[in-house]
Amino acid sequence: MKVLAPIASHDELEMLAAAGAEELYCGIVPREWMQKYTGAIWLNRRSPVGGSLDSYADLKRLVDDAHRLQLPVFITLNAPSYTAEQLPLVLELAHKLSEEVGVDALIVTDINLLLRLSEARLTAALHVSSVAATLNTEAVRFLLNFNPSRIVLPRSLTINEIGAITNDVRDEVEIEVFMLNDGCAFEEGFCSTTHHHTVGAFCTSLSEMETKFEWAGARFTTRRQNWLRRNLTDYRQWVWYVNGNGCGVTAKGLPYGPCGLCAIPDFQRLGVSSLKIVGREASPFKKLASVKMVRDIVNRTRAGMPKLHVIERAKSLREAPEHCAAGYMCYYKVD
Amino acid sequence: MNPTWCLHIGRAEDLRGEFSLSRIATFEKSATIQPYLHLTTQLIAEQFGEIEFTRCYFGNEFCEHLIPSLKALQAALDAAQAQNLSFTFLTPYVTNEGLQALRPLFALLASHNAEVVFNDWGVLNLLRREFPTLIPVQGRLLNKSLRDPRVTTMYATAPAPTAAITALQRSNLDCESYTRLLTRFGVQMVEMDNLPQGNDVSFAAHGLQLSAYFPFGFISTSRVCMAAGLHHHPSEKFQPGAPCRHECQSHLLAYAYTNSPFGNRDQKFYLKGNSYFYAHTEAMLRTLFMQAQSGPIARLVFQPRLPMKEA
C-alpha cells in the first residue's frame, strides 16, 4: 500500500520524498494544446494554469530525479474524452512521455484512448482514472480488455464496495483509492460540467443560487417547506466540506478537506495498492502536510497498531475534532 | 426523412389510453416543468404533424435505487406488446448491488428481443457475457460532451477559436477507432443529449445510429442524493448509495442562475433526486428536429417527465 502524492514542479520533489511519498503523479499541458484550445478545453482534469507542468524539459528533470529516489512518476491524460482532432496530439504526447521522458504510467479515462494506448504497447503502464467511474467488478473486468496495471476507484464507493471489488480482482490489477483533500459532490465520471475559473465548480455555484421547491402532493405545508429547506441547508454544508471546508486550513496551516485516514487499516486488510492524495494545484505546504499525515498513519498501520488507536491518531492529526464529528469530512464511513 | 419516435414511460399505465400528444403532455404534474412539455408537443405538431410512437423506453438512467421491480417490468412489457411497441430498457450506473438487481430483469428481457441502454461499462460486460441476445445501446452518460448551461450557451456565441467550439460540440464518438470498438461489442446505436452549444453529429457517418433525448438534458448526477438525506440525522446524511424511501418522488428543486457572471441569470437547473437537468429552449428543440428531419439523428426519445419517475 503506497502513498501517492501530487506534484506540480521539480522544486517540490525533495520535500515530498523526504516526507514519505512513495509514488508521484502530475500533469503536463504543452503549449501547442493551449494555443489551439485555450484554457476552455482541458487536456486533463486540472486547469492548465497552476496544476500542470508546461515543458518537457521540466518534466524530464522531475522524472529523472524522482527515479534516482526510487519514486515512479505517473502522468494524467484523463479528460473524459478526446475528439478525433485532439486524439493524434494526445497519442503523440503519450508516446513522448513514455518513450522519451520516461514516465512510469499514463492515467487515462477515455476508453478510446485506453484502447489506442493498449494497442501502442508503450513502455509506460496504463492506469484507469477515477473519472472512468469504475463502480463495480464487471466494469473492472471490462477494462481488463485494455491491459491496465491499475484502476483508480471513484471516491463515492464505500469500504464494503471497495472490498468486494478488490476481493474479486486483486490478483489481476492494482486498486488505488482516494485518501485526502478534494471531494466531489457528484459522481466525477458522470459530471458534465466545468470547473473553469469564470464560473467555478457547479456544486459550489449551486449553493449561491436562488432556489424554489415544488411539492408533488396536494398540500405544501409550511412544515414541509421548512423540512426541505433544512435539508438543503445541511446539503450545502456538506458541499462546503466536500470543497475542503471552503478551501480552509487549521490555525497551524494544515489542510482541511475530505479525508480517508481512518480507513487506512481497512485498506491494508483489503489489499488496496495505493492511497491517492489529491491536489496537484495545491500549495507546496499543503502537499507536504498531506503527505506527512498520510505517511504517519500508513507507518502506524504497517507497524500493526490496532485500528482504534490508528483512528484516534488520525483524528488528532486533523486537529479539528468538530469537523471530524460532523461526519461530512470523511470519504469513507468506518465501522 | 422521419425519425423513429420513442416514448419514455414511467409505468405501464402510461400506455393504457390514446397516444395523443395532448395526453402525453399531462404525464408530468409539475407546474414548473409542464410549460416545457406544452412547448415541445406544440413544436412536434408544427414540425412533424401527426407522429406515431413505435418504441417505448422504460427504466432509469441515473439511480440504482430506481431500478424497477420485476413485476413493474413485466407490466411494462405486457403494455408495450399490447400496443405493438418495441421495447428499450434503461439502466443506470451501478455498484455490484445494482448489477445484482439488474440480472433477473435482463433474464426476463432476454426472451423479448429488447434493447438495453447501458450507462456503465460493467453493464455492457454483463450483457455480453450472460445475455447476448439483448441488444446493447450506449447511453448518454457515456457520451462525455460538456453539458454545463452556465457556460455552454456562452460558448455557442463567443468569439472562441474554432477548434475549441468544434471540440465542445463533439466527443470521442467522432473517432473511428471508438465507433469500431463499439461495433465489435455489438453496439449499433449511441444516445446523446441535445447540447446547449449545439451538436456536431457528423460521426453518424461512421455507421453508428444516433438517438437523442428531449426536452431535458442531464448535467450531473451523484451517488449522494440530497433528497435521500431528508429522513436521516444530519451526521448520517449524504452518504454514497445510502438507502432511501424514494424521497425524490415527493418534490422538485428549481435553481435560478442568479449568481452568473454572464448575462444568463434566467438560466434554470432542475434537481430531481440525485441528478440535475436542463430544459431545452425553443431554439434547441427546433435545431434538434431539423437534424432529425435531415437525417443524422435516427431516433428521438421523448421524455414527458424529468426522467426520474419511480415505476
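Right, let's walk through the structure included here. The model shown is predicted, which means the values in this text are computed figures rather than measured ones.

Topic: the overall build of chain B
In step 1: Of regular secondary structure, chain B possesses nine helices and twelve strands.
In step 2: Computed over C-alpha atoms, the radius of gyration of chain B comes to 19 Å, within 12% of the 19 Å expected from 2.2 N^0.38 for 311 residues, which places it in the range of a compact globule.
In step 3: Relative to its full complement of 311 residues, chain B shows a buried share of 63%.
In step 4: In chain B, once contacts between residues fewer than 6 apart in sequence are set aside, the share between residues at least 24 apart is 73%.
In step 5: Of the roughly 10,900 Å² that chain B leaves accessible, carbon and sulfur atoms contribute 52%.
In step 6: Across chain B, the centroid of the 26 positively charged side chains sits 3 Å from that of the 25 negatively charged ones.

Topic: the sheet that holds strand S6 (residues 150-152) of chain A
Residue and element names in this part refer to chain A.
In step 1: Strands sit in the order S1-S2-S3-S4-S5-S6-S7-S9 around a closed barrel of eight strands; the barrel is parallel. Ignoring which end each strand starts from, the neighbouring axes of this sheet average 30° apart.
In step 2: Strand direction decides the pairing type here: S6 and strand S7 (residues 174-180), joined by three bridges, are parallel. Following the sheet pairing, Ile151 is matched in S7 by Ile175.
In step 3: Helix H12 (residues 284-302) contacts strand S1 (2-6), S7 and strand S9 (274-277) of the sheet and is inclined by roughly 175° relative to S1.

Some remarks on the state of the cysteines
In step 1: Summed over the entire model, instances satisfying the criterion amount to zero disulfides over all chains.
In step 2: No disulfide involves A:Cys324; its sulfur sits 6.4 Å from the nearest other cysteine sulfur, which is in A:Cys259.
In step 3: For A:Cys324, a relative accessible area of 16% translates into the label buried.
In step 4: Here B:Cys6 is not disulfide-linked; the sulfur of B:Cys56 is the nearest cysteine sulfur, at 9.0 Å.

Points about the interface of chain B and chain A
In step 1: Residue-level contacts link 77 residues of chain B with 73 residues of chain A.
In step 2: Taken together, both faces of the contact between chain B and chain A bury some 6,200 Å²; the carbon and sulfur share is 60%.
In step 3: Counting only elements with at least two residues in the side of chain B that touches chain A, the list comes to helix H4 (96-109), helix H5 (121-130), helix H7 (162-168), helix H8 (176-184), strand S8 (216-221) and strand S9 (251-256) of chain B.
In step 4: The residue inventory of the side of chain B that touches chain A, partitioned by class, reads 40 nonpolar, 23 polar and 14 charged.

Overview of the pairing of strand S5 (residues 125-128) of chain A
All names here are of chain A.
In step 1: Of the strand pairs in this sheet, strand S4 (residues 105-108) and S5 are connected by four bridges, and their pairing is parallel. Opposite Leu106, over in S5, you have Leu126 as the bridge partner.
In step 2: The β-α-β motif built from S4, the intervening helix H5 (residues 111-120) and the parallel element S5 has right-handed crossover chirality.

Brief notes about the packing of aromatic side chains
In step 1: Under the definition given, this model contains 38 aromatic pairs over all chains.
In step 2: Geometrically, the ring pair formed by A:Phe142 and B:Phe185 is tilted, given 5.3 Å between the ring centres and 55° between the ring planes. With A:Phe142 in helix H6 (residues 137-143) and B:Phe185 in the loop between H8 and strand S6 (189-193), this pair bridges two chains.
In step 3: B:Phe185 gets classed as buried once you look at its relative accessible area, which sits at 6%.

Some thoughts on the side chain of B:Arg23
All names here are of chain B.
In step 1: Here Arg23 lies in helix H1 (residues 21-24).
In step 2: No salt bridge is formed by the buried Arg23, whose closest oppositely charged neighbour, Asp14, lies at an N-O distance of 5.5 Å.
In step 3: Discounting residues that sit within four places of it in the chain, Arg23 has contacts with Glu13, Asp14, Arg16, Gly17 and Glu18.

Section: H5(A)
All names here are of chain A.
In step 1: Among the ten residues of H5, seven are classified as buried, and the element is accordingly described as predominantly covered.
In step 2: Here H5 has its buried residues at Ile111, Asn112, Leu113, Leu114, Leu115, Leu117 and Ser118.
In step 3: Between the side-chain oxygen at the start of H5 and the backbone nitrogen of Asn112 there is a gap of 3.0 Å, and the oxygen is on Asp110.
In step 4: Arg121 occupies a position one or two residues after H5 and carries a positive phi of about 50°.

Focus: the pattern of salt bridges
Pairing between side chains becomes possible if they bear opposite charge and their charged atoms approach one another.
Residue and element names in this part refer to chain A.
In step 1: Here the structure, examined in full by the defined rule, presents 33 salt bridges over all chains.
In step 2: The shortest N-O distance in the salt bridge between Lys287 and Glu12 comes to 2.8 Å. Residue Lys287 is found in helix H12, and its partner Glu12 is found in the loop between S1 and helix H1 (13-19); the two are separated by 275 residues along the sequence.
In step 3: Exposure remark for Glu12: the relative accessible area of 6% places this residue in the buried category.

A few points about the sheet that holds strand S2 (residues 53-59) of chain B
Residue and element names in this part refer to chain B.
In step 1: The strand order around the closed barrel built from eight strands is S1-S2-S3-S4-S5-S6-S7-S12, with neighbouring strands paired in parallel fashion. Strand-to-strand, the axes of this sheet are offset by a mean angle of 30°, without reference to chain direction.
In step 2: Pairing of strand S4 (residues 115-118) with strand S5 (residues 135-138), which is carried by four bridges, proceeds in the parallel orientation. The partner of Phe118 across the bridge, within S5, is Gln138.
In step 3: Packing against the sheet, helix H2 (residues 34-48) makes contact with strand S1 (4-8), strand S7 (209-214) and strand S12 (299-302), and its axis sits at approximately 150° to S12.
In step 4: Contacts from helix H3 (residues 70-82) reach S2 and strand S3 (86-90) within the one sheet, and its direction differs from that of S3 by about 155°.

Rules used throughout
Residues numbered from 1 in each chain as written. Chains lettered and ligands numbered in written order. Predicted model: local features only at pLDDT ≥ 70, side-chain atom pairs only at ≥ 80, totals over all residues. Heavy atoms only, no water. Helix = DSSP H or I, 4+ residues; strand = E, 2+ residues; numbered from the N terminus. Rg over C-alpha atoms; globule rule 2.2 N^0.38 Å. Buried < 20%, exposed > 50% of the residue type's maximum accessible area, 1.4 Å probe, protein only. Contact = heavy atoms within 4.5 Å. Areas by Shrake-Rupley, 256 points an atom, 1.4 Å probe, with all protein chains shown as cover. Lys, Arg positive; Asp, Glu negative; His and termini not counted. Charge placed at Lys NZ, Arg CZ, Asp CG, Glu CD. Pairing = 2+ DSSP bridges. Axes fitted to C-alpha atoms, helices over the stretch in contact; angles between N-to-C directions. Disulfide = S-S within 2.5 Å. Buried area = accessible area lost by both parts, 1.4 Å probe. Nonpolar A, V, L, I, M, F, W, Y, C, P; charged D, E, K, R; others polar. Right-handed = clockwise from strand over helix to strand, strands pointing away. Phe/Tyr/Trp six-rings, centres within 6.5 Å; stacked < 30°, edge-to-face > 60°. Salt bridge = Lys/Arg side-chain N within 4 Å of Asp/Glu carboxyl O. Polar contact = N/O pair within 3.5 Å; in protein donor to acceptor, adjacent residues only side chain to side chain.

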